[in-house]
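Secondary and tertiary structure notes
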Amino acid sequence: MTQSPGQGQALDNLLTESRTFPPSDEFAAQANAQPALYEEAKADREAFWAKQAERLHWDTKWTQVLDWSDAPFAKWFVGGKLNVAYNCVDRHVESGHGDQVAIHWEGEPGDSRAITYGELQREVSKAANALTSLGIGAEDRVAIYMPMIPEAIFAMLACARVGAMHSVVFGGFSAEALRTRIEDSACRLVITTDGQYRRGTPAPLKPAVDEAVAGAPSVEKVIVVKRTDTEVAWMDKDVWWHELVDSQSDQHTPEAFDAEHPLFILYTSGTTGKPKGILHTSGGYLTQASYTQHHVFDLKPDTDVYWCTADIGWVTGHSYIVYGPLSNRVTQVVYEGTPNTPHEGRHWEIVQKYGVSIYYTAPTLIRTFMKWGAEIPAKFDLSSLRVLGSVGEPINPEAWIWYRENVGGGKAPIVDTWWQTETGAIMISPLPGVVSTKPGSAQRPLPGIGAKVVNDEGVEVPHGGGGYLVLDEPWPSMLRGIWGDEERYRETYWSRFAEQGFYFAGDGAKYDDDGDIWLLGRVDDVMNVSGHRISTTEVESALVSHPTVAEAAVVGASDATTGQGIVAFVILRGGAGSDAGGADAIKRLRDHVAKEIGPIAKPRQIMVVPELPKTRSGKIMRRLLRDVAENRAVGDVTTLADSSVMDLISAGLQSGKSED
Ligand code: WT7
């Protein structure tokens, strides 16, 4: 049944999806998370988190679980002391698992390396000694600008081990982006590589560092890992990793740091403005990363092979490649390259090679796989997969179903995990053995987490209603601020619902009739058509539910009659016929949206495009599409993954307008 609360609502609820998939009895019986977990957390939230913190090794136990007296600055596990790297590495060696593979690393050109926990301990110890030899210690900032190679993980853990804060900057960012981030937190050290493999060819990386460091006087040294053997200019501050690190002792005694000792800064750009340095600390962050990894992914350290396809340049790589998995003694795959190098089945080949059982990726990639066609995964043996995850954007129900059928063998539970750089770890997600999953819904706050959907006044909306997603309780892995900008921290997250004391996530959301949460995209992207507040996600999902469409982005463009009109940009699926972009086909798509969610959401205009503008982490940049839809010069494209995409879209527009 379609519900439309209509005018005046914070956000209308238009799209209804009624398919549900309960876990099998076998899965439910063996699952790490059982239904009682919800009850336990509800009965005593702080006692629940204290129990989760016991998953870790503490050198000194805390005296207080939560101190929220200085809100919005939380202190978790007050008085406790631990070493984060020890928890991710050494304790597994000490418990007799030194020979277990921690990382099956797969390089883009086809080279590979298996790293055991014993080896990881030696590598991290050497790197930690190297940092100490350079005078890097507690609270110093270290920029890490590297491709997905094992040394990047060693470097992060070495920082954690000596109490220095890492600031990982994605290897696809420019010299200027690197420089502003180094400067903002005054990094003393940069760790990088000579070059990186990208789509089968080595590309230089160090020149960007040279340029950035020339304008960043805080940097004293640059450690360079040799990866591609590309020739590099050598600067006074440079030192080779293999000369500095390899000569160090592989013994290092970790020091215990306070639970609130800073662990890392990670810059998040959003779509506009100066990037925000999101600050995370140690004990609470590791507790929630570890807890979610175990329960949401149902990770079994002795038998699972886990693979998260993110880059360490994003928070997903921090929490679900480094800290969550390693604190749980995972065996995981880390892949250096792009998914279509050297062919479009590369991921499935890797799943088959290592027997990957848990696979965690982003909707943008799933829709790309859809575009490439189901025959590609069908060529590989994917029967080892037993849990699938999704993160980064709302996953359209059709993409979810495609993922389940073509990757998950029609049976692996899918966990749609909602969280943010700021939340540090997963907040909303089904528990795979407990909750019957629904395609497109992140469903419920995890045990121990408080989240709800509220209206403009901060009042919770009824089932079937839409509004804003807020977090109404502090959580262990919450950000502890924006580096150097307390005011911006309060203003961005805590001012919208200051009276209620809610954290405002910036996302629109709705409850379905069962009270499950559906994410509806960023509130800044919400469209207002004749007074109806329509979510981009719902219209996009309606478009993707048509068999010819692989991917869609919609924006509201100013409209003389309706305030805003919906303009859609669509990418067709691999097998869609040659007439799928013709005028009749476009009309059928518009009618399809009207049928799926109602005439109010029928796009005014639909354009078939070869690509969509995305950030380097795969999020669609609707701001640029709004410029196109409103016939404006396209704005700042510097954060686009591929800046030529906008030219392609504009060129396509001139050749065939598909309005009716
Ligand atoms: C924003 C946070 C969390 C790691 C990667 C992104 C969107 C994230 C989901 C999801 C719907 C999602 C939200 C959120 N988002 N996961 N499962 N369903 N939307 O981290 O770059 O900080 O982005 O990503 O809009 O606010 P991020």
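Quick caveat: nothing in here was measured; it's all calculated off a predicted structure. (Residues numbered from 1 in each chain as written. Predicted model: local features only at pLDDT ≥ 70, side-chain atom pairs only at ≥ 80, totals over all residues. Heavy atoms only, no water.)

1. Re the environment of Pro 342
Tracing the backbone through its elements, the reader meets Pro 342 in the loop between strand 17 (332–335) and helix 12 (346–354). Of the residues examined, Pro 342 reaches a relative accessible area of 65% and is grouped as exposed. Placed 118 residues apart in sequence, Pro 342 and Glu 460 show a C-alpha to C-alpha distance of 50 Å. (Helix = DSSP H or I, 4+ residues; strand = E, 2+ residues; numbered from the N terminus. Buried < 20%, exposed > 50% of the residue type's maximum accessible area, 1.4 Å probe, protein only.)

2. Details of the UniProt feature "modified residue: N6-acetyllysine" (unreviewed entry) in the chain
Per the UniProt record, "modified residue: N6-acetyllysine" (unreviewed entry) is found at Lys 619. Summarising the element assignment, Lys 619 is placed in the loop between strand 29 (605–608) and helix 19 (622–629). Setting aside residues no more than four positions away along its own chain, Lys 619 makes contact with Gly 392, Glu 393, Pro 613 and Lys 614. Within the structure, the side chain of Lys 619 is placed 2.8 Å from the backbone oxygen of Gly 392, a separation counted as a polar contact. (UniProt positions renumbered as here; feature names shortened; annotations may be inferred. Contact = heavy atoms within 4.5 Å. Polar contact = N/O pair within 3.5 Å; in protein donor to acceptor, adjacent residues only side chain to side chain.)

3. Description of the environment of Leu 299
With respect to the secondary-structure elements, Leu 299 resides in the loop between helix 10 (283–296) and strand 16 (306–308). Separated by 268 residues in the primary sequence, Leu 299 and Ala 31 place their C-alpha atoms 9.0 Å from one another.

4. Focus on the confidence of the model for the chain
Averaged over the chain, the pLDDT score is 94; the fraction of residues at 70 or greater is 97%. Note on residues 1–7: pLDDT is under 50 here. Beyond four places in sequence and across chains, it has 21 contacts. The low-confidence segment residues 655–660, where pLDDT is below 50, has 10 contacts with residues more than four positions distant or belonging to other chains. (pLDDT = per-residue confidence, 0-100.)

5. A few points about the domain arrangement of the chain
Its domain assignment divides the chain into domain 1 (79–280) and domain 2 (526–656). Placing a centre on the C-alpha atoms of domain 1 and another on those of domain 2 gives a separation of 39 Å. (Domains from an automatic or database assignment.)

6. Some details on the side chain of Ser 125
Among the structural elements, Ser 125 can be located in helix 5 (residues 117–133). On the basis of relative accessible area, Ser 125 is assigned to the buried category, the value being 2%. Only 2.7 Å separates the side chain of Ser 125 from the backbone oxygen of Gln 121, close enough to count as a polar contact. When neighbours within four sequence positions are excluded, Ser 125 is seen to be in contact with Arg 161, Ser 249, Asp 250, Gln 251 and His 252.

7. Observations regarding the UniProt feature "domain: AMP-binding enzyme C-terminal" (unreviewed entry) in the chain
According to UniProt, the "domain: AMP-binding enzyme C-terminal" (unreviewed entry) feature falls on residues 538–619. Along residues 538–619, the helical share is 27% and the strand share 30%, with 16 Å between the first and last C-alpha atoms.

8. Considering the packing of helix 2 (residues 36–43) against helix 3 (residues 45–53)
Running from N to C, helix 2 and helix 3 cross one another at 120°; their axes reach a closest spacing of 5 Å. With respect to helix 3, the axis of helix 2 lies oblique. Note on element contacts: helix 3 touches helix 2 through Arg 45, Phe 48 and Lys 51, opposite Leu 37, Glu 40, Ala 41 and Ala 43. Of the residues in the contact of helix 2 with helix 3, the class split is four nonpolar, no polar and three charged. (Axes fitted to C-alpha atoms, helices over the stretch in contact; angles between N-to-C directions. Parallel < 35°, antiparallel > 145°, perpendicular 65-115°, else oblique. Nonpolar A, V, L, I, M, F, W, Y, C, P; charged D, E, K, R; others polar.)

9. A few points about the pattern of salt bridges
With the rule as written, the count across this model stands at 49 salt bridges. For Glu 123, the salt bridge is made with Arg 113, and the minimal N-O distance between the two is 3.7 Å. Of the two residues, Glu 123 sits in helix 5 while Arg 113 sits in strand 5 (residues 112–116), which places them 10 residues apart along the sequence. Residue Arg 113 is classed as partly exposed on the basis of its relative accessible area of 28%. Close ionic contact of Asp 304 with Arg 386 constitutes a salt bridge, the shortest N to O distance being 2.8 Å. (Salt bridge = Lys/Arg side-chain N within 4 Å of Asp/Glu carboxyl O.)

10. Considerations on the nonpolar core
Taken as a class, soluble globular proteins show a tendency for nonpolar side chains to be buried jointly. Judged by nonpolar contacts, the single largest core of 118 residues is most densely connected at Leu 120, Leu 157, Ile 191, Tyr 323 and Leu 326. If you tally residues by element for this core, the top one is helix 6 (residues 150–162), at 10 residues. In this structure, Leu 326 is in contact with Asn 87, Cys 88, His 92, Ala 102, Tyr 117, Leu 120, Ile 153, Leu 157, Ile 321 and Gln 332, ignoring residues within four places of it in sequence. Core analysis: the next-biggest nonpolar cluster, separate from the first, contains 51 residues, Trp 307, Ile 376, Ile 401 and Ala 552 among them. (Core = buried A, V, L, I, M, F, W, Y, C linked by side-chain atoms within 4.5 Å.)

11. So, the site of the ligand
By nearness alone, 16 residues border the ligand, and Asp 416, Thr 417, Gln 420, Thr 421 and Asp 507 come closest of all. Contacts to the ligand include Asp 416, whose side-chain N or O atom sits 2.7 Å from a nitrogen atom. In the model, an oxygen atom of the ligand is placed 2.7 Å from a nitrogen or oxygen of the Asp 507 side chain. Of all the elements in the fold, those that place two or more residues in the shell around the ligand are helix 11 (315–327) and strand 24 (517–522). Per-class residue counts for the shell around the ligand are six nonpolar, five polar and five charged. (Near = heavy atom within 4 Å.)

12. Describing the sheet that holds strand 8 (residues 189–193)
Read from one edge to the other, the open sheet built from seven strands follows the order 12-11-8-6-7-14-15, with strand pairing classed as mixed. Where the open sheet ends on each side, the last strands, each with one partner, are strand 12 (238–240) and strand 15 (276–281). Taken over all neighbouring pairs, the strand axes of this sheet differ in orientation by 25° on average, direction set aside. As defined by bridge partners, strand 7 (residues 165–168) adjoins strand 14 (residues 262–268) across two bridges and the pair is classed as parallel. Bridge pairing links His 166 to Phe 264 in strand 14. (Pairing = 2+ DSSP bridges.)

13. Remarks on helix 11
Extensive coverage of helix 11 is indicated by the burial of 13 of its 13 residues. Looking one or two residues beyond helix 11, the residue adopting positive phi is Arg 329, at roughly 55°.

14. Section: the pairing of strand 28 (residues 563–572)
Of all the 10 residues making up strand 28, eight are buried; the element is thus mostly covered by neighbouring parts of the structure. The hairpin turn running from strand 27 (residues 549–559) into strand 28, its antiparallel successor, is three residues long. In terms of strand pairing, strand 28 meets strand 29 through four bridges, oriented parallel. Bridge pairing links Ala 568 to Ile 606 in strand 29. Since strand 28 and strand 29 lie parallel, the crossover through helix 18 (residues 583–597) that links them has a hand, and here it is right-handed. (Right-handed = clockwise from strand over helix to strand, strands pointing away.)

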